[in-house]
Amino acid sequence: MSPFQILQQSKTTFLIAKYLIPLLIVTILAGISSVGMFAIIFYPAQDRVKHTTGLYQAALQTQTKTQTAMQTQAILSTTWKALPDYRKFTDLSLDIADLAKKNRVHIPGMGYDFQPLSHKLATKGTFAFEAEGPYEAIRKFIFELEKRWPYLYIEKLSVETSKRKKGVIFKLTVSTFLKEFPDPPKKTKA
C-alpha cells in the first residue's frame, strides 16, 4: 500500500490531503526562508557587534590613557612650579645651613654645581657638604630636609665616625632640577 493509496481511500482524507500538502509546502518554504533570513541578518549583525565592541574597548583605553596623561601633566605642572630657579638655588644653601643649625648639626662648608642636561628643559643643581653631629640629630636633619623640600633628593650619602667629636660625619650630595640654566659669564678681552 502506497501513501497515495491511503489518501485515495477516503474522500475526507483526500480533501484534507488536498489542502494540507500545499500548506505543508508553504510551511517548509517559510521555515527555509526564515532560516535564510536569520543567517542573512544574524551573522553580519554579529560581525558589527564584534567590530563595535572592539571600537568601544579602544575608546576606553584611549580615555584611560588620556586621563592618565592629564593627571601626569597636572603632577608635572605642580612639580615644575615647585622647582627653584638658579637664583633661588643658591639661597637654598643658606636655608639648608639654617635647618642644620636648628637640628644641632654642623656644616663646615658647602659647594654647589650646575650641570646642563641633554634635553635642555632643566638644569641639575647639586650641593655637596658634610654634616657633623650626633647620629640622631643628623637623622632628624635629613628627615626634615626631605620633608621640607620634596624636590630635593639625596644622590650620595656616606657616613663615618667623627675623630674630633663624639658623633658621626655624613657626606651628602643633594640634587634637584632647576627651571633654567645660569648664563655663563661673558669673557671680555682686556
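This one's a predicted model, so the numbers in the text were calculated from it and none came from an experiment.

**Some points on helix α4 (residues 135-148)**
- With 14 residues, α4 extends 20 Å from end C-alpha to end C-alpha; this agrees with the ideal 20 Å at 1.5 Å per step.
- When we look at burial in α4, the residues that qualify are Ala137, Ile138, Phe141, Ile142, Glu144 and Leu145. The arc that holds the buried residues of α4, viewed along the axis, is 165°, so those residues lie on one side. α4 presents Glu136, Arg139, Phe143 and Lys147 as exposed residues on the side facing more than 90 degrees away from its buried surface.
- Contacts made by the buried residues of α4 are with α3 (86-102), β2 (123-133), β3 (153-161) and β4 (168-178).

**Examining the nonpolar core**
- Judged by nonpolar contacts, the single largest core of 26 residues is most densely connected at Leu92, Ile96, Phe129, Phe141, Trp149, Leu152 and Leu172.
- Residue contacts for Phe129: discarding those within four places in its chain leaves Ile96, Ile107, Gly109, Met110, Phe141, Phe170, Lys171, Leu172 and Val174.

**As for the sheet that holds strand β1 (residues 110-116)**
- Within the open sheet, the 4 strands sit side by side as β1-β2-β4-β3. Their pairing is antiparallel. Each edge of the sheet is formed by a strand with only one pairing partner; in this case those strands are β1 and β3. Each adjacent strand pair in this sheet contributes to an overall mean axis angle of 15°, direction not counted.
- Here 8 bridges tie β3 to β4, and the two strands are oriented antiparallel to one another. Residue pairing across strands places Tyr153 opposite Ser175, the latter belonging to β4.
- Of the strands in this sheet, β1, β2 and β4 are in contact with α3, which crosses β2 at around 10°.
- Sheet contacts for α4: β2, β3 and β4; angle to β4, the most-contacted strand, approximately 5°.

**A short note on the pattern of salt bridges**
- All chains considered together, the criterion is met by 4 salt bridges.
- In this structure, Lys102 engages Glu144 in a salt bridge whose closest nitrogen and oxygen atoms are separated by 3.7 Å. Residue Lys102 is located in helix α3, and its partner Glu144 is located in helix α4; the two are separated by 42 residues in the primary sequence.
- Notably, a salt bridge pairs Glu144 with Lys140, separated by 4.0 Å at the nearest N-O pair. With a gap of 4 residues between them, Glu144 and Lys140 both fall in helix α4, about one helical turn apart.
- Exposure remark for Glu144: the relative accessible area of 17% places this residue in the buried category.
- By relative accessible area, which is 47% here, Lys140 ends up partly exposed.
- Salt bridges sharing common partners tie together Lys102, Lys140 and Glu144.

**Considerations on the pairing of β1**
- Direction of pairing for β1 relative to β2: antiparallel, over a ladder of 7 bridges. Bridge pairing links Phe114 to Gly125 in β2.
- Remark: 6 residues form the turn of the hairpin made by β1 and β2, two consecutive strands paired antiparallel; Lys120 in that turn has positive phi of roughly 65°.

**Section: the confidence of the model for the chain**
- Overall, the prediction assigns the chain a mean pLDDT of 84, with 89% of residues at 70 or greater.
- Of all secondary-structure elements in the chain, the lowest mean pLDDT belongs to helix α1 (residues 3-9), at 56, while α4 reaches the highest, 90.

**Brief notes about unusual backbone geometry**
- Despite not being glycine, Arg104 has its phi angle at roughly 60°, a positive value.
- Counting through the fold element by element, Arg104 comes out in the loop between α3 and β1.

**Comments concerning the packing of aromatic side chains**
- Under the defined criterion, the tally for this structure stands at 7 aromatic pairs.
- Aromatic pair Tyr112 and Phe114: ring centres 5.7 Å apart, planes at 70°, arrangement edge-to-face.
- The partly exposed category is assigned to Tyr112, whose relative accessible area is 45%.
- A centroid spacing of 6.4 Å and a plane angle of 75° characterise the contact between Phe129 and Phe141, whose relative ring orientation is edge-to-face. Of this pair, Phe129 sits in strand β2 while Phe141 sits in helix α4, and the two are 12 residues apart along the sequence. Each member of the pair, Phe129 as well as Phe141, carries the same accessibility label: buried.
- One aromatic cluster is present, formed by Phe38, Phe42 and Tyr43 through successive ring pairs.

Procedures and definitions
All residue numbers refer to positions counted from 1 along the written sequence of the respective chain. Restriction of local features to residues with pLDDT of at least 70 applies here, the model being predicted, together with a cutoff of 80 or more for giving and counting side-chain atom pairs; totals for whole chains, interfaces and linings are based on all residues. With hydrogens and water excluded, all non-hydrogen atoms of the structure serve as input to the side-chain values. Secondary structure elements are taken from DSSP: a helix is a run of H or I of four residues or more, a strand is a run of E of two residues or more, and numbering for both begins at the N terminus. Between the first and last residue of a helix there are one fewer steps than residues, each counted as 1.5 Å, and that sum is the expected span. Relative accessibility decides the category of a residue: with a 1.4 Å probe and only protein chains considered, values under 20% of the type maximum give buried, values over 50% give exposed, and everything between is partly exposed. Directions drawn from the helix axis to the C-beta atoms are what define this arc. The criterion used for residue contact is that any of the two residues' heavy atoms lie within 4.5 Å. In this description, a nonpolar core means a group of buried Ala, Val, Leu, Ile, Met, Phe, Trp, Tyr and Cys residues linked to one another through side-chain atoms lying within 4.5 Å. Two strands are counted as paired when DSSP detects at least two bridges linking them. An axis is simply a line fitted to the C-alpha atoms; with a helix, the fit covers only the stretch in contact. Between two such axes, the angle follows the N-to-C directions and lies from 0 to 180 degrees. Any carboxyl oxygen of Asp or Glu within 4 Å of a side-chain nitrogen of Lys or Arg constitutes a salt bridge here. The pLDDT value expresses, per residue, how confident the predictor is, ranging between 0 and 100. Any Phe, Tyr or Trp ring, taking Trp's six-membered ring, that has another such ring centre within 6.5 Å forms a pair; planes under 30 degrees apart are called stacked, those over 60 apart edge-to-face, and the others tilted.

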